[in-house]
Every structure is written in structure tokens, then in C-alpha cells.
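Remarks on the overall topology
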Amino acid sequence: MKYYPLAKPRITARDKKYVLEVLNSGVLSGGEKTRIFEKKFAEFIGIKYACALASGTAGLHLALLAAGLGPGDEVITSPFSFVASANAVLYVGARPVFVDIEPASYALDPAQIEKRITARTKAILVVHIFGQSAEMKHIVSIARKYNLVVIEDACEAIGASYRGRKAGTFGQSAVFSFYPNKQITTGEGGMLVTNNRKVWEFCSSARNQGRTSDMRWLDHVRLGYNYRMDEMSSALGIAQITRLPQIIQEREKIAGWYEKYLRPYGGFIRVPQAAPHRTHSWFVYVIEIVKPGADRDRIIKFLQRLGVSAKAYLPSIHLLDFYHSGFHYRKGDFPVSERLSARTLALPFYNDLKEADVKEIGHRLLRVLRV
Ligand SMILES: *Cc1c(COP(=O)(O)O)cnc(C)c1O
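About the criteria used
Residues numbered from 1 in each chain as written. Predicted model: local features only at pLDDT ≥ 70, side-chain atom pairs only at ≥ 80, totals over all residues. Heavy atoms only, no water. Helix = DSSP H or I, 4+ residues; strand = E, 2+ residues; numbered from the N terminus. Expected span 1.5 Å × (residues − 1). Buried < 20%, exposed > 50% of the residue type's maximum accessible area, 1.4 Å probe, protein only. Contact = heavy atoms within 4.5 Å. Near = heavy atom within 4 Å. Polar contact = N/O pair within 3.5 Å; in protein donor to acceptor, adjacent residues only side chain to side chain. Areas by Shrake-Rupley, 256 points an atom, 1.4 Å probe, with all protein chains shown as cover. Nonpolar A, V, L, I, M, F, W, Y, C, P; charged D, E, K, R; others polar. Axes fitted to C-alpha atoms, helices over the stretch in contact; angles between N-to-C directions. Parallel < 35°, antiparallel > 145°, perpendicular 65-115°, else oblique. Left-handed = near helix turned anticlockwise from the far one by under 90°.

**With respect to helix α12 (residues 355–370)**
- With 16 residues, α12 extends 23 Å from end C-alpha to end C-alpha; this agrees with the ideal 22 Å at 1.5 Å per step.
- Taken as a whole, α12 has its buried residues at Asp357, Val358, Ile361, Gly362, Arg364, Leu365, Leu366, Val368 and Leu369.
- In this fold, the buried residues of α12 make contact with α8 (244–262), β10 (269–270), β12 (285–289), α9 (296–305) and β14 (344–347).

**What about the site of the ligand?**
- Not every one of the 14 residues close to the ligand is listed here, only the nearest: Thr57, Asp153, Glu156, Ser177 and Lys182.
- Contacts to the ligand include threonine 57, whose side-chain N or O atom sits 2.5 Å from an oxygen atom.
- The side chain of lysine 182 places a nitrogen or oxygen atom 3.2 Å from an oxygen atom of the ligand.
- Taken by itself the ligand offers 380 Å² of open surface, and the protein chains cover 92% of this.
- With 3 residues, helix α3 (residues 56–66) is the single largest residue contributor to the shell around the ligand.
- Partitioning the shell around the ligand into residue classes produces 5 nonpolar, 6 polar and 3 charged.

**Looking at the packing of α3 against helix α6 (residues 197–206)**
- Where α3 contacts α6, the two axes come as close as 10 Å, and the packing angle between them is 130°. One finds that α3 runs oblique with respect to α6. By crossing handedness, the relation of α3 to α6 is classed as right-handed. Here Leu62, Leu65 and Ala66 of α3 lie close against α6, whose contacting residues are Val199, Phe202, Cys203 and Ala206.
- Here the residues of the contact of α3 with α6 sort into 7 nonpolar, no polar and no charged.

Have a look at this one:
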């Protein structure tokens, strides 16, 4: 029986060649590959500056620091996200203030933001979840009205767009991730993008131990970190980003096959819906179990036995132990997020899947849903 993992990066012969060239060159960090990757990335997004980093999480940390956030500040963000987005708020000593999500896009619900704004609110950290943009028009206008900085966690949404504009171009800065399960990978890696020169200068310095922009070796002008991306990762990034439009097209096709083979199970599950004004870049394929009385975790266990890796996606952050106890959030605070956390699961999703694979996964899922 064929086994289907949840995710799997596709590494081509050309990808390997690019990385090997770096290894042969002897320049493993601080070289031209990183600068080329940044340039190509900025061009793809349609933004002025890009700053390559060791991870998406590092990018979120620097984006919040660049916005001047610190102790006493509140940051509005989504409870339905990978934990890294809320954790970054804690890194700078600010307080994450969660707001429930809209059922259509699983991202921040603009209608619920204003009632959580206080005199301490300084920023909205919006998360584009599963490859789809949040409702940016309303979120940006709320931010303008209250003079808040918008930062986009676009780690899952490279190539997604909203009203014809790419995710990552709406905020003061935006952050992408190249972890192996993302649409493109550099192993570990991330990218901060911005149109703001000051933010870019801060990021370039802070990722590099706080050195000045002319990079004099021991001139440290601020507290910095080692958040640099190395040259092997950058070379892999260059190779992958040139294929990105094709990668997204393939993922769209795979999502289309899922929709085709899962549609008939409409009473049991809900397949991903396109929210208005948005184009998906398909990070993961997440379905919602709507069959009355069904136990999502048992379904995952049975699928595993049938050779289909599936995973609960995602737990609500406010109910994780160290948020729950540290910030006095309670079950029931964010009903949409909690309902989805209890009912959603991610199915295998990667570029090597063929139509026959998707059909087979659909069959196995139906066997599980029928019991
Ligand atoms: C992947 C991801 C991150 C973190 O990226 P890393 O590169 O793994 O640090 C942050 N936020 C979201 C929503 C993600 O999916």
C-alpha cells in the first residue's frame, strides 16, 4: 500500500547543481547568492527591499522590533495560526491580543478588530493562513484610522493575492518562510520584505549582530542577532523562486483534483472555499469534518493506518498551555477559531502528487468517514 506523507519538498537536479556550485566556491556565507536571491524575491513580490534571514520566525521578530514594539504595547493577531506568529510578539515583550477569524478565509475578522483596540494597541500582525490572504482592505483602513502599524505574516502565502495585489505588499513589512513544507524551500530560511528603507536597513543590521550598513567588522551600533541566511540556502532559493509560478500552478491543479474527488462527500466534509477577491497560493490542503458526531482525531488515526498522513491544522494558540495560563484566555473566547481547531485536518499535499494519488487518498478518506 502506497504511503502518502503530509508534505514533501521537490528538489530538482538544477536545485542540487546550484547548491553544489556554492559548496565548490568556498563562499558559504555573506556572498552574492544571498543578494541575488533577495533581488529576485523582491521582484517576484513587487516590492522595493528584501532581507534574507535564517527563518520566518526570525523575520517576524525583526519586523516587530523594526516597528518599535516593546513592553507595554499590544499587538492584535490571530489565534488560528502557527504558534510562531504570536510567539514573536512575546519575544519583544509586547502582549498578543487575539481576535477571532472570519469563517471564509480563516484569517482575522475585520468586524471584530475595533472592539479589541485600546490605548496600548500599536500594531496588527495579520496572518495569511493556508495560502490565502486576509481581508486586507478593511484591515488596512482600521489600521489607518487608529494609526496602527500593519505587519503581515505571509509565511504560508507566497504568491497569494488580494484584489490583484500580492500578499506581502500591504503592511509596513511582511515575512515569508522557506521551511521544507512551504511552497518553496531553502531548508530553513525566511525573508522580510518592505518598501520602507529604514525598516530594511534595520533588518540588514540586526540580522548581522547589529553591524553598520557598511559592514565594518567590529562596529556594532545596536543589539543584533545572528539571523543571516547562508549561501547554500540562498542558492536553493534562487533555483526555487524561478520555478515558483509553475509550482503554484501545479498546486492549484492538485487542489482541483481534491475538490473533484472530495465533492461527493459534501455531507461529511467541507473543502477549502475561495474567499472573495483572493487567489490562493495553496500552502496546505485543509478540510473541515462536518459529519455530525465525527471524531476528527480518530479519523486522523485511522487515515494513518491506511497509509495517509493527516494532521490537526491548527490548534488555537490561546488554548496552548503557556498562553492559556499566562494571558487568562479561556475556552469559548474565539468560537470560530476553536470550532475549526476541533474539526480541521490537513491532507497530503505536495507537488509530486498525481491525479491517481489524489483519487486514492479520497477513497481511503471515504472508507474512514463511513465508519
Ligand atoms: C511556517 C510559519 C512560520 C515560521 O516560519 P519558520 O521559517 O519555520 O520560522 C510563521 N508563521 C506561519 C503562519 C507559518 O506557517
